[in-house]
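Descriptive structure summary
Listed here are the chains, written in short residue letters.
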Amino acid sequence: MKNNMLPFMQLMGGLMGTTHEQNLKVARSRERMRAAGLRPVQFWVPDTRAVGFAAEVSRQCQALKGDRQEAEVLRFSEQAAGHIEGWV
């Protein structure tokens, strides 16, 4: 092995140790969360960066314009938000 590779190899060894330490830190954090009665879940949400996302949102909003049920849901949501401090 060439001598000029030694610093690179030392750096890589240091990074691998750091990754292992980070994995242990994450594992300990998850254990604490589970001990507190929590469990991990995964949520999939629409990708707001996707091509066409804004156009689809606009289309759906336009389709709801003047809809009686949508108006009822909005009234209910606004009323419910009024019961949460700082939302209105």
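Quick notes on the rules
Residues numbered from 1 in each chain as written. Predicted model: local features only at pLDDT ≥ 70, side-chain atom pairs only at ≥ 80, totals over all residues. Heavy atoms only, no water. Helix = DSSP H or I, 4+ residues; strand = E, 2+ residues; numbered from the N terminus. Expected span 1.5 Å × (residues − 1). Polar contact = N/O pair within 3.5 Å; in protein donor to acceptor, adjacent residues only side chain to side chain. Patch = residues over 30% accessible without salt bridge, like charges linked within 9 Å, V, L, I, M, F, W, Y side chains within 5 Å. Areas by Shrake-Rupley, 256 points an atom, 1.4 Å probe, with all protein chains shown as cover. Salt bridge = Lys/Arg side-chain N within 4 Å of Asp/Glu carboxyl O. Buried < 20%, exposed > 50% of the residue type's maximum accessible area, 1.4 Å probe, protein only. pLDDT = per-residue confidence, 0-100.

This part is about helix α3 (residues 68-81). Note: α-helices contain 3.6 residues per turn, so residues at a spacing of three or four share the same orientation. The terminal C-alpha atoms of α3, which comprises 14 residues, lie 20 Å apart, in line with the 20 Å expected from a rise of 1.5 Å per residue. You can read the cap of α3 off the contacts: a side-chain oxygen lies 3.0 Å from the backbone nitrogen of Q69, and it is on D67.

Further remarks concern a nonpolar patch on the surface. A surface patch of nonpolar side chains, amounting to about 360 Å² of accessible area, comprises V41, F43 and V45. Looking at the secondary structure, you find F43 in the loop between α1 (6-35) and α2 (53-64). According to the relative accessible area criterion, F43 is exposed, its value standing at 69%.

Where side chains of opposite charge bring their charged atoms close, a pairing between them can arise. Across all of its chains, the model carries 3 salt bridges by this definition. The partner of E56 in a salt bridge is R59, with the nearest N and O atoms 2.6 Å apart. Of the two residues, E56 and R59 both sit in helix α2, 3 residues apart, roughly one turn of that helix. Take E56: its relative accessible area is 32%, and that puts it in the partly exposed class. By relative accessible area, which is 48% here, R59 ends up partly exposed. Between E72 and R68 there is a salt bridge, with its nearest N and O atoms 2.5 Å apart. Of this pair, E72 and R68 both sit in helix α3, 4 residues apart, which is roughly one turn of the helix.

Let's shift gears to the confidence of the model for the protein. With 80% of its residues at a pLDDT of 70 or more, the protein shows a mean pLDDT of 86. The weakest mean pLDDT in the protein belongs to α1 at 78; the strongest belongs to α2 at 96.

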